[in-house]
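# Fold and geometry: a report
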Amino acid sequence: MTPARGDHDARRLEVSEGVWRVLSSRGFEGLTLRAVAAELGASTGLLTHYFPNKRALLSHALDELDRRSGSRPRRTAPADGTPPPPPGLARLRAALLDVLPLDEAAAAGNRIWVGSWDVALSDPALAAAHAGRYARSREALTAHVADAQRRGELPAGADATALATGAQAFALGLVVQVLFAPAEFPPERQTALLDAYLAGLVATG
């Protein structure tokens with residue numbers, strides 16, 4: 001008998017939770033059908049209904065990571081009902097702070113993201129999906145830069161896309177440094193470095 005839609009959706013959610021627990025505890029290197037099956041107390045045969053091969057499992061894991069990253073509380077869209085920062089430089093700063101590992105939850109998420117790079121680079125389709133994620137992030141940052149330019153907070157003659165690309169590269173580079181040397185880059189230093197970077201952009205005008 002074909003399982004009811006609700007049962008199927010509930011089972012898929014359970015499987016996704018199992019994938020996430022393995023990913024969180026073992027990283028992408030330890031993410032296998034066998035590991036997820038053991039986490040769920042199920043057979044690998046059951047999982048092949050959802051993931052016919054490891055590539056499908058990895059693709060789902062990247063999508064799940066993207067979904068969870070997008071749904072976590074953010075300074076640009078507070079979940080507690082407080083208003084977001086105003087458009088422009090303040091919102092650009094908030095968006096970049098949302099990238100940084102300023103607390104343990106953000107550090108854990110960033111460790112998984114960085115661990116995913118090697119997986120994605122080894123597969124053209126996964127790499128293209130990752131490139132799309134970072135492109136969408138740049139588009140959002142570009143909109144914040146353009147708002148800041150219209151408000152006179154950043155130089156109007158500069159290329160907004162180039163400024164956003166540089167800001168994204170700065171934030172991701174800082175993420176890597178923090179993950180390797182967290183004691184050297186406590187939250188207050190990360191914030192200070194970001195503010196110095198943004199001050200440099202303002203000064204170019």
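Just so it is clear, the structure is predicted and the values come from calculations on it, not from any experiment.

Rules of the game
- For every chain, the first residue of its written sequence is number 1, and the numbers climb from 1 along that sequence.
- Since the coordinates come from a predicted model, pLDDT governs what is reported: local features require at least 70, and pairs of side-chain atoms require 80 or more to be given and counted, while whole-chain, interface and lining totals use all residues.
- No hydrogens and no water enter the side-chain calculation; it runs on all heavy atoms of the structure.
- A helix here means a DSSP run of H or I that spans at least four residues, while a strand means a run of E at least two residues long, and both kinds are numbered starting from the N terminus.
- Buried residues are those whose accessible area, probed at 1.4 Å on protein chains only, stays under 20% of the maximum for their type, while exposed residues exceed 50% and partly exposed ones sit between those limits.
- When checking whether two residues touch, look at their non-hydrogen atoms; a contact exists if any pair is within 4.5 Å.
- Here the Shrake-Rupley method, with its probe set to 1.4 Å, supplies the accessible areas, and only the displayed protein chains count as covering residues.
- Working convention for charge: Lys and Arg count positive, Asp and Glu count negative, and His plus the chain ends are omitted.
- The atom standing in for a charge is NZ when the residue is Lys, CZ when it is Arg, CG when it is Asp and CD when it is Glu.
- Every residue carries a pLDDT, the predictor's confidence in it, which falls somewhere between 0 and 100.
- Put simply, a salt bridge is a Lys or Arg side-chain nitrogen that is within 4 Å of an Asp or Glu carboxyl oxygen.
- In these notes, a set of buried Ala, Val, Leu, Ile, Met, Phe, Trp, Tyr and Cys residues joined through side-chain atoms within 4.5 Å is what counts as a nonpolar core.
- Working rule for helices: expected span equals 1.5 Å times residues minus one.
- Here a polar contact means two N or O atoms within 3.5 Å. Within protein one must be a hydrogen donor candidate and the other an acceptor candidate, and residues neighboring in sequence count only if both atoms are side-chain atoms.

Once that is clear, we can look at the overall build of the chain. Within the chain one finds nine helices and zero strands. Sequence-ordered secondary structure for the chain, helices as α and strands as β, is α-α-α-α-α-α-α-α-α. With the C-alpha coordinates of the chain rotated into their principal frame, the extents come out at 65 × 35 × 35 Å. Within the chain, the fraction of its 205 residues that count as buried is 38%. Sequence separation of 24 or more characterises 62% of the internal contacts of the chain that already satisfy a separation of 6 or more. Carbon and sulfur atoms make up 58% of the accessible area of the chain, which totals about 10900 Å². Counting 22 positive and 22 negative side-chain charges, the chain places the centres of these two groups 3 Å from one another.

What follows covers helix α5 (residues 89–99). Taken residue by residue, α5 has Leu92, Ala94, Ala95, Leu96, Leu97 and Asp98 as its buried positions. Where the residues of α5 are buried, they touch α7 (124–150), α8 (160–180) and α9 (187–203).

Our focus in this paragraph is the environment of Ala90. With respect to the helices and strands, the residue Ala90 is situated in helix α5. Overall, Ala90 belongs to the partly exposed group, its relative accessible area being 33%. Residues Ala90 and Thr76 lie 14 residues apart in sequence; the distance between their C-alpha atoms is 9.3 Å.

This brings us to the confidence of the model for the chain. Per-residue confidence for the chain gives a mean pLDDT of 89, with 96% of residues at or over 70. Confidence over residues 1–5 falls short of pLDDT 50; this stretch has zero contacts with residues more than four positions distant or in other chains.

All right, on to the pattern of salt bridges then. Scanning the model with the defined rule gives 13 salt bridges in all. In this structure, Arg11 and Glu14 form a salt bridge, with 2.7 Å as the shortest nitrogen-oxygen distance. Linking Arg11 with Glu14, this pair stays in helix α1 (residues 5–26), spanning three residues, or about one helical turn. By relative accessible area, Arg11 is classed as partly exposed at 21%. Glu14 sits in the partly exposed class, given a relative accessible area of 34%. One salt bridge connects Arg75 with Asp98, and the closest N-O pair in it is separated by 3.1 Å.

If you look at the biggest cluster of nonpolar residues, it comprises 25 residues, and the most contacted ones within it are Val19, Phe28, Leu31 and Val36. Mapped by element, the contributors of at least two residues to this core are α1, α2 (33–40), α4 (54–71) and α6 (104–121). Setting aside chain neighbours within four positions, we find Leu31 in contact with Val19, Val22, Leu23, Val36, Lys54, Leu57, Leu58 and Ala61. Counting 23 residues, the second-largest nonpolar core is a separate cluster that includes Leu96, Leu102, Ala160 and Leu174.

End to end, α6 covers 26 Å across 18 residues, agreeing with the expected 26 Å (1.5 Å per residue, within 8%). By the burial criterion, the buried members of α6 are Ala106, Ala107, Gly109, Asn110, Ile112, Trp113, Ser116, Val119 and Ala120. With a side-chain oxygen positioned 3.2 Å from the backbone nitrogen of Ala105, the residue opening α6 is Asp103.

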